[in-house]
Amino acid sequence: ADPERAVLRAVEDALDMASRRPVGVVIDGVASIDETTSAVLVHLATHRRLFVIGTEAVGPQLTEALRRLSPAGAVEIAVPPLTAPQTSDLAAAVLDGPVDTGLARNLHTLTEGFPLFIVDVATWALGEGLIARQQDVHRLTGELKIPPSLGRQIVFRLGLVDQAERDALELLAVGGEVSIEDLASRVGHQVLESMERRALVTTTDGGESVRVALRHSLAGKALAAVLTPLVRRRRCAELVALLQGRGSLNERDRVVLSLAQIGAGTPPDADELLAAATTALKLDRIRDAERLTATAFRLEPSERTHTAHAVALMRLGRFVEEDAL
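Here's what I pulled together on the structure shown here.

The strand order β5-β7-β6 describes an open sheet built from three strands, whose pairing is antiparallel. Each edge of the sheet is formed by a strand with only one pairing partner; in this case those strands are β5 (177–179) and β6 (201–205). Adjacent strand axes in the sheet meet at a mean angle of 30° when their direction is disregarded. Relative to strand β7 (residues 210–214), β6 runs antiparallel, the two being bridged by five bridges.

In structure tokens form, the structure reads like this:
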């Protein structure tokens, strides 16, 4: 059709195709392109020396997206998550200098080894002053977080969700994992079943109860990064009400409750916080233990809270803060 040819000519002109110079187009989220866009890309790549580079997390849509681009010679290259040593090497290249073990460990844990995320987080953290160069080595000087801009990108990949699903996702983002009974009492079993079918959440048998968590922990970190302070506080208060309304809590729930109380602005006393921190360390939830001990130290600056917080910082690899403390 004439309108379609006009669009193609406009695209070719914009890309300066007449010069016959190679042109590269990078598509972040190749699975999201529609059939019309695919057709344009195939035409340009086949006849006009356009090189298409698409990135996408592995998922059910990837095969279809590649099928659409196959006439242009699309090739899938799987890039597995980096190991901890590889994360350290990439961070050193991004920051232009070696990194200490604490920074490398936190980067790898937060990003789960995804190269693009490592680059984004390291660059943002350096600009925010969370990474400092000391004696020619880059060290972590504060809590490493998902940048808001990266958080929005990851949340966008979750796709469209309705309000009930959003409520559940945000509760899981602040709670980490919640018993299925508690979450279902808030959003309903049908919503959770639908989210499980769409691979948004996963369930595990925790012995005393079935636990619900986000299938991809990076999504939880991203959601937490983009929550406004008021929304975070409200979600934490909802979680506190759900847990306290149930009565008997297991070890995991007591950790979640203490963290939610902190987020809601109603932290328990230092004894309860330290008990929850001990449990968190036993469950290898070291970031949670650091937050619990930091709050305990703020509420009760004593030798025991001081020591507990220093231990959590050391276990977490935040050695600069531990030394200062």
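Here the focus is the packing of aromatic side chains. A full pass over the atoms with the stated rule returns one aromatic pair. Ring plane angle 50° and centroid distance 5.6 Å describe the contact between Phe114 and Phe117, whose orientation is recorded as tilted.

Now for the side chain of Thr279. Along the polypeptide, Thr279 turns up in helix α14 (residues 270–282). Judged by its relative accessible area of 13%, Thr279 falls in the buried class. In contact with Thr279, not counting residues within four places along its chain, are Glu251 and Val255.

Time to look at the pairing of strand β3 (residues 131–134). Sheet topology note: the β3/strand β4 (residues 137–140) ladder contains four bridges and is antiparallel. Residue pairing for β4: Ala132 is matched across the bridge by Arg139. Between β3 and β4, which pair antiparallel and follow one another directly, the connecting turn spans two residues, one of which, Gln135, has a positive phi of 55°.

What follows deals with α14. The end-to-end C-alpha distance of α14, which contains 13 residues, comes to 18 Å, matching closely the 18 Å that a straight helix rising 1.5 Å per residue would cover. Looking only at α14, the buried set comprises Ala270, Leu273, Leu274, Ala276, Ala277, Thr279 and Ala280. Buried positions along α14 lie against α13 (251–263), α15 (286–299) and α16 (303–316). The residue sitting at the N-terminus of α14 and contributing the capping side-chain oxygen is Asp269; that oxygen lies 3.3 Å from the backbone nitrogen of Asp271.

Let's shift gears to α15. Relative to the 20 Å expected for 14 residues at 1.5 Å per residue, α15 spans 20 Å between its end C-alpha atoms, a close match to the ideal helical length. Taken residue by residue, α15 has Ile286, Asp288, Ala289, Glu290, Leu292, Thr293, Thr295 and Ala296 as its buried positions. Next to the buried residues of α15 lie α13, α14 and α16.

Relative to the elements of secondary structure, Thr123 occurs in helix α6 (residues 115–127). Overall, Thr123 belongs to the partly exposed group, its relative accessible area being 45%. Put simply, Thr123 and Pro147 are 24 residues apart on the chain and 9.7 Å apart in space, counted from C-alpha to C-alpha.

It is worth spelling out unusual backbone geometry at this point. The phi torsion at Gln135 lies on the positive side, around 55°, for a residue other than glycine. Summarising the element assignment, Gln135 is placed in the loop between β3 and β4. A positive phi angle, near 65°, is found at Ala199, a position not held by glycine. Mapped onto the elements, Ala199 comes out in the loop between α10 (189–197) and β6.

Bringing the pattern of salt bridges into the picture now. According to the stated counting rule, one finds 20 salt bridges in the structure shown. When the shortest N-O distance is used, the salt bridge between Asp253 and Arg211 registers 2.9 Å. Placement of Asp253 in helix α13 and of Arg211 in strand β7 is noted, with a sequence separation of 42 residues between them. For Asp253, a relative accessible area of 1% puts it in the buried group. Overall, Arg211 belongs to the buried group, its relative accessible area being 2%. Notably, a salt bridge pairs Glu300 with Arg304, separated by 3.0 Å at the nearest N-O pair.

Time to look at the packing of α13 against α14. At a closest axis distance of 9 Å, the pairing of α13 and α14 adopts a crossing angle of 125°. Considering their axes alone, α13 and α14 lie oblique with respect to each other. Remark: the crossing between α13 and α14 carries left-handed chirality. Taken together, the residues of α14 that come into contact with α13 (itself represented by Glu251, Arg254, Val255, Ser258, Gln261 and Ile262) are Glu272, Leu273, Ala276, Thr279, Ala280 and Lys282. Tallied by class, the residues present in the contact of α13 with α14 amount to five nonpolar, three polar and four charged.

Mapped onto the elements, Thr87 comes out in helix α4 (residues 84–95). Using a relative accessible area of 0% as the deciding quantity, one classes Thr87 as buried.

What counts, and where the lines are drawn
- Residues numbered from 1 in each chain as written.
- Predicted model: local features only at pLDDT ≥ 70, side-chain atom pairs only at ≥ 80, totals over all residues.
- Heavy atoms only, no water.
- Pairing = 2+ DSSP bridges.
- Helix = DSSP H or I, 4+ residues; strand = E, 2+ residues; numbered from the N terminus.
- Axes fitted to C-alpha atoms, helices over the stretch in contact; angles between N-to-C directions.
- Phe/Tyr/Trp six-rings, centres within 6.5 Å; stacked < 30°, edge-to-face > 60°.
- Buried < 20%, exposed > 50% of the residue type's maximum accessible area, 1.4 Å probe, protein only.
- Contact = heavy atoms within 4.5 Å.
- Expected span 1.5 Å × (residues − 1).
- Polar contact = N/O pair within 3.5 Å; in protein donor to acceptor, adjacent residues only side chain to side chain.
- Salt bridge = Lys/Arg side-chain N within 4 Å of Asp/Glu carboxyl O.
- Parallel < 35°, antiparallel > 145°, perpendicular 65-115°, else oblique.
- Left-handed = near helix turned anticlockwise from the far one by under 90°.
- Nonpolar A, V, L, I, M, F, W, Y, C, P; charged D, E, K, R; others polar.

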